[in-house]
Amino acid sequence: MGKSQNPLTQDAKTGNSKTGISNTENSKTASQEIATLIPGGVNSPFRSFHEVGGHTIFFKDALGSKVTDIDGNVYIDYLGAWGPAILGHSHPLVVKACQDAVSAGAVFGAPTLLEMEMAKSVIRHFPSIEQIRFVSSGTEAVMSAIRLARGFTGRDTVVMFEGAYHGHSDSVLGSTTHQSSSGVLAGTKERTVLTPFNDLESLESTLNQLSGQIATVIIEPVCGSMGVVLPEPGFLQGVRQLCDKHQVVLIFDEVLTGLRVAKGGAQALFGVKPDLTTFGKALGGGMPIGAFGGRRDIMDALMPIGEVYQAGTFSGNPVTMAGGIEVLRLLDNDKIYETMEARTAQLFAGISKFVSARSLPIQLQRAGSMFAIVFCDIPVKNFTDSKRIDAERFAVFFHDLLANGVYLPPSSVDAACVSAAHTERDIEETIEKVGAALKKAFA
Ligand SMILES: Cc1ncc(COP(=O)(O)O)c(C=O)c1O
């Protein structure tokens, strides 16, 4: 698709779209003041620059592939709000749908037809989903799916994979997860067992050892928090078979991969059908969303039919539903996936040339439009490999890109995202700047 035909950039009122940085003094001052009011100056720790150093950047608006900070600097954005901005920022049709919904009544605490339409739409996109419930974040979706699996099976233990991130409910904050935490009951931690990603033998031995105690195996089919790690051929199929053998509920956490790696998520890409799936991020068009769904017999265990409690004042609220319906409608167009694939492939081809010419210890890992430029001497296949990632060099790379108007996640392990609004020109400019930043990082 030629640049001028892209419906997502045509409407973009990017007026001041020249990328590059003059100074970030306003962000610096704001980051100092906000730290006196909000712990660490952020409402979610990954937003802070604790890994890369320096002060955070405050954004004031965003459109398409660009974000503008409070000093007026424009960046090509690859954070994508950590996943939601799949169509780019502020897509006019999504904005309009949400505005209309706010005007009609932002929240009723009672069913609306929008919930029904959204449910139909997700069910149409994901054949494994027979029934779905909407919540307000990926964390809530995971927490609810795990409780549901426990209630359905009458078992307690959760198996998850080292280095995975499933949000911040207690059951998924283990010591070798992407994020651990104090304040979690010892008894809860004991009920979560960790096993290495891409290692069927270890999973099998865990399932054998704890046979009859395991409620669920929860997995990110592509790990987004240890360098975008793909499942090796046959791994997800093997996980499915082992879950069947032990009658364990298999949950695919597709909060990040859901609409991103393919139209039907990782389950379509790899051809494996989970029992339950969790969603979030891109599904809501930028509005706070989560969802979990799957087999009807399992979903029937939820109240008011069954005995598993799960609720939420803002669950399925009209504004989020309206945004989500519009996103799913727009993503129904295969051309959008072709564009995202082409742009991400273009980006990796350009960076790869530079990396190979200099034999740099960089791994380019991606699934669809989620990608990572991994500062590691070996391909990262699991959590142990990810510990070799050179965070210090990444910090130099990150700051050089930032200073030149390219915004990446401030983390050496988390997935970056290409959106449907990124243009060929954005990618060309990024490749050039990545080359310069790599030179600096390896000087
Ligand atoms: C795979 C995965 N699961 C769950 C979550 C938690 O979602 P939220 O941040 O919306 O609570 C995330 C967020 O990064 C995620 O990537």
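Residue numbers run consecutively from 1 along every chain, following the written order of its sequence. Where local features are concerned, this predicted model is filtered to residues with pLDDT of at least 70; where side-chain atom pairs are given and counted, the filter is 80 or more; whole-chain, interface and lining totals use all residues. To get the side-chain values, take all heavy atoms of the structure and skip hydrogens and water.

### Structural notes on the nonpolar core
Stated precisely, the cut-off is as follows: To form a nonpolar core, buried Ala, Val, Leu, Ile, Met, Phe, Trp, Tyr and Cys residues must be joined to one another through side-chain atoms within 4.5 Å. Exposure is judged per residue with a 1.4 Å probe applied to protein chains only, and the accessible area is read against the type maximum: over 50% gives exposed, under 20% gives buried, and values in between give partly exposed. Every helix listed is a DSSP run of H or I at least four residues long, and every strand listed is a run of E at least two residues long, numbered separately from the N terminus. Domain delimitation in this document rests on an assignment produced automatically or drawn from a domain database.
Within the largest apolar cluster, 37 residues are counted, with the highest numbers of intra-cluster contacts made by F197, L203, V217, I219, V239 and M370. Looking at this core, the elements that each hand over two or more residues are β5 (157–161), α7 (200–209), β7 (214–219), α8 (235–245), β8 (249–253) and β12 (370–374). Considering each element in turn, this core owes the most residues, five residues, to α8. Counting contributing residues, this core receives three or more from each of domain 1 (3–82 + 334–441) and domain 2 (92–331). Counting 36 residues, the second-largest nonpolar core is a separate cluster that includes V52, F371, F398 and L401.

### So, helix α15 (residues 424–441)
Going by this rule: Take the number of residues in a helix, subtract one, and multiply by 1.5 Å to get its expected span. In this analysis, two residues are considered to be in contact whenever any of their non-hydrogen atoms come within 4.5 Å of each other.
Taking 1.5 Å per residue, 18 residues should reach 26 Å; α15 reaches 25 Å between its end C-alpha atoms and fits that length. Turning to α15, its buried residues number three or more, namely D426, I427, E429, T430, K433, V434, G435, A437, L438 and A441. Where α15 is buried, its residues touch β2 (66–69), β3 (74–77), α12 (334–358), α14 (391–403) and β13 (406–407).

### What about the site of the ligand?
To keep it simple, the criterion reads: Note on definitions. A residue lies near a molecule or strand when any single heavy atom of the residue is within 4 Å of it. Between N or O atoms, a polar contact is any pair within 3.5 Å; within protein, one atom must be a potential hydrogen donor and the other a potential acceptor, and residues adjacent in sequence are included only when both atoms are from side chains. Under the convention used here, a 1.4 Å probe and the Shrake-Rupley method define accessible areas, while residue burial counts only the protein chains that appear. Each residue gets one of three labels, nonpolar for Ala, Val, Leu, Ile, Met, Phe, Trp, Tyr, Cys and Pro, charged for Asp, Glu, Lys and Arg, and polar for the others, Gly among them.
By nearness alone, every residue bordering the ligand is listed as S137, G138, T139, Y165, H166, G167, E220, D253, V255, L256 and K281. Interatomic distance of 2.6 Å between a side-chain N/O atom of T139 and an oxygen atom of the ligand. For the ligand, whose accessible area on its own is 390 Å², the fraction buried by protein is 81%. Across the shell around the ligand, the residue classes tally to three nonpolar, five polar and three charged.

### Re the pairing of strand β1 (residues 59–63)
Applied cut-off: Pairing between strands requires that DSSP locate at least two bridges from one strand to the other.
The pairing of β1 with β2 spans four bridges and is antiparallel. Its bridge partner being in β2, A62 is matched across the sheet by V67. Adjacent in sequence and paired antiparallel, β1 and β2 are bridged by two residues, among which G64 carries a positive phi angle near 60 degrees.

### Thoughts on the pattern of salt bridges
Proximity of charged atoms lets side chains of opposite charge pair with each other. Applicable threshold: Put simply, a salt bridge is a Lys or Arg side-chain nitrogen that is within 4 Å of an Asp or Glu carboxyl oxygen.
This model, assessed by the stated rule, comprises 20 salt bridges. For R295, the salt bridge goes to D297, with nearest N and O atoms at 2.7 Å. Where R329 meets E326, a salt bridge forms, and the shortest distance between an N and an O atom there is 2.5 Å. You can see R329 and its partner E326 sitting in helix α11 (residues 318–331), three residues apart, about one turn around the helix. For E326, a relative accessible area of 12% corresponds to the buried category.

### Quick word on the sheet that holds strand β14 (residues 416–417)
To keep it simple, the criterion reads: Note on method: axes are straight lines fitted to C-alpha atoms, helices fitted across the in-contact stretch only, with angles between N-to-C directions ranging 0 to 180 degrees.
Strand order in the open sheet made by the three strands is β11-β12-β14, with antiparallel pairing throughout. Looking at the sheet topology across the chains shown, the edges are occupied by β11 (363–367) and β14. The pairing of β12 with β14 spans two bridges and is classified as antiparallel. Opposite M370, over in β14, you have C417 as the bridge partner. Set on the sheet, α12 makes contact with β11 and β12; between it and β11 the angle comes to about 175 degrees.

### Looking at the domain arrangement of the protein chain
So the rule is basically this: Buried surface area refers to the total accessible area, computed with a probe of radius 1.4 Å, that the two partners give up upon joining, counted for both partners together.
The domain architecture assigned to the protein chain consists of domain 1 (3–82 + 334–441) and domain 2 (92–331). A straight line from the C-alpha centre of domain 1 to that of domain 2 covers 26 Å. Facing the 26 residues of domain 1 at the interface are 30 residues of domain 2. Taking both sides of the interface into account, the surface hidden between domain 1 and domain 2 amounts to around 2300 Å²; carbon and sulfur atoms contribute 62%. Three residues stand out in domain 1 for area buried against domain 2, namely Y337, M370 and F383, and they jointly supply 29% of the buried area on that side. Seen at the junction of domain 1 and domain 2, the total is two salt bridges. Measuring nitrogen to oxygen at the nearest pair gives 3.5 Å for the salt bridge that ties E232 to K381. If you look at where domain 1 meets domain 2, you find 13 residue pairs in polar contact (both at pLDDT 80 or more). Those elements giving two or more residues to the side of domain 1 that touches domain 2 turn out to be α12, β11, β12 and α13 (383–386). Among the elements that take part in the side of domain 1 that touches domain 2, β12 stands out by supplying four residues, more than any other. In the side of domain 1 that touches domain 2, the residues fall into 16 nonpolar, five polar and five charged.

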